[in-house]
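# Examination of the molecular architecture
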Amino acid sequence: MEVVTVALVAVLISSILYLIFGGTHHKNLPPGPKPWPIVGNLLQLSDRPHSQFAELAKIYGDLFTLRLGSETVVVASTPAAAAEIIKTHDRIFSGRYVFQSFRVKNNIENSIVWAQCNDSWKNLRKICRTEIFTQKMIESQAHVRERKCLEMVEYLKGKQGEEVKIVEVIFGTLVNIFGNLIFSQNVFKLGDESSGSTEMKEHLWKMLELGNSTNPADYFPILGRFDLFGHRKEVLDCLQGIYNVWGAMLNERKSAMKLAGYERKNDFVDICLDAGLNDDQINSLFMVSSHDLFGAGTETSASTTEWAITELTRNPQVTAKIRSELQTVVGERPVKESDFPNLPYLQATVKETLRLHPPTPFLLPRLALDTCQVLNYTIPKNCQVMVNAWAIGRDPKNWTDPLTFSPERFLESKVDFKGTDFELIPFGGGRRICPGIPLANQFISLLIATMVHNFEWVLPNGMDPSRLIMEEKFGLTLQKEPPLSIVPKSIA
Ligand code: HEM
């Protein structure tokens, strides 16, 4: 009761302040649906905002404005508007809007995702560029990803004829890949919920859950200081738990390295201890690894792979082409990442999946660091800016027959997702572009290729794949709802 009263009073105060000071300052904002007093457009929001905003863009154009509670949000929905935000005015829109639940001291300072573009952020991105995502590093760890995919094959072979929720297998495999790249340990045991590093697993799940839950303080920031729903405390507890697990692993490794006969593991821990990084740098790297890489990398890659398998289920002619390409290039042996340059159709399939199902449909929200003129409108300082990558990927002005899943469209095209072709921007662009693109591409390509190379699958209860309804559930990432269940059958 007390919490509700405080919330109501805070909303009232914030609304009065908004009515007095807000709304009159920025006359040249992009147009948008008329906001209601106090709540703005909040009550008009649907649970599929990416699709709803695509419809709004048809009415209001490249840029439109929403009032969400007391917050002003501008949405860019065309390649031209996206280019203005992430290229022309990259510096001004390089601010990150940090969700209220994540506004926890060490969380922001030690995160690439949530920090503003300050020296610490630059340093963390540099560590990523020079230590984690180098071509050499990615190639040297290919065997880890390949081994984990083979374990997935073994697991699925044991499940032939049974119904399997594919995202659980993919997510588990991805988390184990990360666990092994970073500290040479599995986090999940496929099919056995009770095993693996339970503590780490629980923290990771919780963080993902919190990322997907709504916090009213994001619409009425005046509520933020009270942490009324305890989300921030939960994030803090999770982070503390993750850091404790890391700390223990790091100390264990340092002691092991001093022993005679220590066998190198060549994971991130070894690499940064070898590189002579000091404790601060190592801590930064671990925090980035545990928090940003696990957090930003697993759910996005798992969601994309699940969408790819869903599209392949509905489009057996695409699956057949990938399989035939794999037969020609790979033959009977397992797929390797070094095969990818010779698998153009597989690569086109990954692009086509990301075009139709970008896992973060609005990228990650940016914040205007200053007032800025964009396409003849004025976007005020501190305004949140979203780019609707989902709408851009489906707009018939940008794509022929946009709702058809057709990797062929990329075979003769140079359009890529590296942040310079604004009709395909699942990874964002500019200085905040996703640093994990090379790794994400390897994960997703390897998982799809391994599935197609080793298995045929049908839907449970003999359901006709053309009747598979794909529903999108919006959270921090775009989920498939209900998750895809398949019945695998080994090809070998
Ligand atoms: C399909 C897979 C993925 C997609 C679609 C994706 C997408 C994105 C997007 C849209 C952003 C925000 C970009 C912007 O603001 O312009 C981002 C940021 C980020 N991503 Fe990814 N991501 C994926 C996988 C990964 C992986 C595998 C990693 C790491 C291993 C990763 C690490 C990060 C980090 C650290 C940031 C924050 C960058 C910053 O704010 O400076 N992502 N990602």
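Residues numbered from 1 in each chain as written. Predicted model: local features only at pLDDT ≥ 70, side-chain atom pairs only at ≥ 80, totals over all residues. Heavy atoms only, no water.

As named in an unreviewed UniProt entry, the chain is N-methylcoclaurine 3'-monooxygenase, taken from Eschscholzia californica subsp. californica. Under the UniProt heading Function (unreviewed entry), the note attached to the chain is "3'-hydroxylation of (S)-N-methylcoclaurine." (UniProt positions renumbered as here; feature names shortened; annotations may be inferred.)

For the ligand, the set of nearby residues contains 31 residues, the closest of which are Arg96, Arg125, Arg366, Arg432 and Cys434. Separating an oxygen atom of the ligand from a side-chain N or O atom of Arg432 is a distance of 2.9 Å. Listed by contribution, the elements that provide at least two residues to the shell around the ligand are α5 (119-132), α12 (279-314) and α16 (437-454). Considering every element that reaches the shell around the ligand, the biggest residue donor is α12, with seven residues. For the shell around the ligand, the residue count by class is 18 nonpolar, eight polar and five charged. (Near = heavy atom within 4 Å. Polar contact = N/O pair within 3.5 Å; in protein donor to acceptor, adjacent residues only side chain to side chain. Helix = DSSP H or I, 4+ residues; strand = E, 2+ residues; numbered from the N terminus. Nonpolar A, V, L, I, M, F, W, Y, C, P; charged D, E, K, R; others polar.)

This part is about the UniProt feature "binding site: heme" (unreviewed entry) in the chain. Under the UniProt annotation, the feature "binding site: heme" (unreviewed entry) is placed at Cys434. Tracing the sequence through the fold places Cys434 in the loop between α15 (389-394) and α16. Taking the relative accessible area as the measure of exposure, Cys434 reaches 29% and is therefore partly exposed. Setting aside its immediate chain neighbours within four residues, Cys434 contacts Arg125 and Phe427. (Buried < 20%, exposed > 50% of the residue type's maximum accessible area, 1.4 Å probe, protein only. Contact = heavy atoms within 4.5 Å.)

Here we take up helix α3 (residues 79-88). In an α-helix, one turn spans 3.6 residues, which is why side chains three or four residues apart end up on the same side. Taking burial as the measure, the ten residues of α3 include seven buried ones, the bulk of the element. Within α3, the full set of buried residues consists of Pro79, Ala81, Ala82, Ala83, Glu84, Ile85 and Ile86.

One open sheet holds the three strands; their spatial order is β4-β12-β9, and the pairing between them is antiparallel. The open sheet terminates on both sides in strands that have one partner only, identified here as β4 (164-165) and β9 (455-458). Sheet analysis places β9 next to strand β12 (residues 485-490), joined by four bridges and oriented antiparallel. Within β12, the residue paired with Val458 across the bridge is Val487. Along the sheet face, helix α7 (residues 142-157) touches β4, β9 and β12 and points at about 50 degrees away from the line of β9. (Pairing = 2+ DSSP bridges. Axes fitted to C-alpha atoms, helices over the stretch in contact; angles between N-to-C directions.)

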